[in-house]
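One-letter residues, chain by chain:
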There are 2 protein chains.
Amino acid sequence: MTIELANGEAQLAALAVLSQQTRELMDAVVLTDVDETEIAAVTAELVALTERLRAVRRDTALPHEFAPDGTFRHLGNAVTGACNPHALPLEVERSPEGGSRADVNFRPAHEGPPAGVHGGVSAMILDHLLGDAVAASGRGGVTGTLTIRYRQRVPYGERVVATANVTRSEGRKTWADGSIALPDGTPLVEATGLFVTPEMWMRPVEPGQQPAPVNGPPPTRGATPAQ
Amino acid sequence: MTIELANGEAQLAALAVLSQQTRELMDAVVLTDVDETEIAAVTAELVALTERLRAVRRDTALPHEFAPDGTFRHLGNAVTGACNPHALPLEVERSPEGGSRADVNFRPAHEGPPAGVHGGVSAMILDHLLGDAVAASGRGGVTGTLTIRYRQRVPYGERVVATANVTRSEGRKTWADGSIALPDGTPLVEATGLFVTPEMWMRPVEPGQQPAPVNGPPPTRGATPAQ
């Protein structure tokens, strides 16, 4: 079977592999104990590789866009982007019954407390997942307020589960709850968010117009469903 | 003048340079537009460099520890660690009058909304900075609750200013406020945090015992001053 890729898709597939390898490099840097001479030698080679990638460059990260299969994607996203080494990447699944979830494997590069995930990294993940749950409900919006409650240390190097669900909505406001928990359900970090749908997104669809995608138009500020 | 480095300090200095170069690689990956053949060639070389770093490795990120100059540091920290490529790194300054601040230059790898910083990344930074302000006040504690209010899109590629200050304390509880703002003071994201000092940290120092460091003993859970 031949997989036909749209123009540019082969480049994006290669970029996803490069991004994953860059994540492995990041973890290797965090854990390495080779001596300073070897570290300096590797650094010099990295400088050269960085320059090769800079030979042709974009002005911004890869955009919010529709993939050839019609799904919405943001490959450059700092939390979910397959083509962004900063991203875990968070791989979000949407339940047919509503709500979003992701199995998460934090790594040594996410350390805050000894052998634990930085509380800010947990907040980052929950910000995104709650926004995704709101988007999945068809009520895209920008994050207004996010409250995080820390209950227990989040471990890295083992699977934890992040979930989020919409709890209620009222006018342009939508609330969502979420958590990061152990696979047995023990909550480690909990979150509540209030999301606001911009007024312009509430306009009825004109005849002949496409409705907005499930996760709304590209956001213009703050944390958003398509963040 | 010769700078004498304690055992291991030369390795750590080399690691900080490698970490910075890895951050530059991350941004080059996010922005590169070279073709898939070149991307694959660079990826293959990265695999080899990653393996070289893995030749000798630690089990965990660099620890929370006292530096030779007596300051407390966590070079492996996900937000502030000079030897962790995931970290900005956030370079926190403490004011003699109290409070913590940092000039922040977000990069394309931090993108959420188009040309803006991911709301989760802003939350991550504020979680750390509020914890630092609490630690600077001499009341180390673990984060209980953190609330983030998103007001305007945070730009990347230009300097913004993050600040945090303790607002009040009561028993083992300490509250702090903070924000990310434009250099002219326009607030973009605001945060309030409640921090709780573990009971065991409140015990009076026994004769002959060292007092706890300003930012408390290594944390055991959640986001903390030494996160």
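This text goes with the structure placed above it.
Quick look at the structure, then.

Cut-offs and rules
Residues numbered from 1 in each chain as written. Chains lettered and ligands numbered in written order. Predicted model: local features only at pLDDT ≥ 70, side-chain atom pairs only at ≥ 80, totals over all residues. Heavy atoms only, no water. Phe/Tyr/Trp six-rings, centres within 6.5 Å; stacked < 30°, edge-to-face > 60°. Lys NZ or Arg CZ within 6 Å of the ring centre and 35° of its normal. Contact = heavy atoms within 4.5 Å. Buried area = accessible area lost by both parts, 1.4 Å probe. Salt bridge = Lys/Arg side-chain N within 4 Å of Asp/Glu carboxyl O. Polar contact = N/O pair within 3.5 Å; in protein donor to acceptor, adjacent residues only side chain to side chain. Helix = DSSP H or I, 4+ residues; strand = E, 2+ residues; numbered from the N terminus. Nonpolar A, V, L, I, M, F, W, Y, C, P; charged D, E, K, R; others polar. Least-squares fit on C-alpha atoms with pLDDT ≥ 70 in both. Expected span 1.5 Å × (residues − 1). Buried < 20%, exposed > 50% of the residue type's maximum accessible area, 1.4 Å probe, protein only. Arc of directions from axis to C-beta. Core = buried A, V, L, I, M, F, W, Y, C linked by side-chain atoms within 4.5 Å.

### Structural notes on the packing of aromatic side chains
Where two aromatic rings form a pair, the distance of their centres and the angle of their planes describe that pair.
Residues and elements named next belong to chain A.
Okay, step 1: By the definition in use, this model includes two aromatic pairs over all chains.
Okay, step 2: Taking 5.1 Å as the distance between ring centres and 70 degrees as the angle between the ring planes, the aromatic pair formed by F66 and F72 counts as edge-to-face.
Okay, step 3: Here R168 stacks its cationic end above the ring of W175, 3.9 Å away from the centre of that ring.

### A short note on the interface of chain A and chain B
Okay, step 1: Across the contact, 86 residues belong to chain A and 87 residues belong to chain B.
Okay, step 2: Around 7,700 Å² of area is buried between chain A and chain B when both sides are counted, 63% of it from carbon and sulfur atoms.
Okay, step 3: For the pair chain A and chain B, the number of links is eight salt bridges.
Okay, step 4: Between R52(B) and E38(A) there is a salt bridge, and its shortest N-O distance comes to 2.9 Å.
Okay, step 5: Between the two partners, chain A and chain B, sit 39 residue pairs in polar contact (both at pLDDT 80 or more).
Okay, step 6: Contributions of two or more residues to the side of chain A that touches chain B are made by α1 (9–31), α2 (36–54), α3 (119–136) and β5 (142–150) of chain A.
Okay, step 7: Within the side of chain A that touches chain B, the residues separate by chemical class into 42 nonpolar, 28 polar and 16 charged.

### Quick look at the relation of the copies chain A and chain B
Okay, step 1: In screw terms, the move from chain A to chain B is a rotation of 180 degrees and a rise of 0.0 Å along the axis, fitting with an RMSD of 0.0 Å. Considering both components of the superposition, the chain copies are consistent with a two-fold axis. Taking C-alpha positions as the reference, the residue of chain A nearest the rotation axis is T147(A), at 2.1 Å.
Okay, step 2: Most of the interface of chain A is mirrored in chain B, where 100% of its interface residues again form contacts.

### Overview of helix α2 (residues 36–54) of chain B
Because each turn of an α-helix spans 3.6 residues, side chains separated by three or four positions in sequence point in the same direction.
Okay, step 1: The end-to-end C-alpha separation of α2(B) is 27 Å, in line with the 27 Å expected for 19 residues at 1.5 Å each.
Okay, step 2: Within α2(B) the residues assigned to the buried category are I39(B), V42(B), T43(B), L46(B), L49(B), T50(B) and L53(B). For α2(B), the angular spread of buried residues about the axis comes to 125 degrees, placing them on one side.
Okay, step 3: Of the surrounding elements, those touching the buried residues of α2(B) are α1 and α2 of chain A together with α1 (9–31) of chain B.

### Quick look at the nonpolar core
Okay, step 1: The biggest cluster of nonpolar side chains holds 62 residues, and the ones touching the most others in it are F106(A), I148(A), F106(B) and I148(B).
Okay, step 2: Judged by nonpolar contacts, the second largest core, of 32 residues, contains L12(A), A14(A), L15(B) and L18(B).

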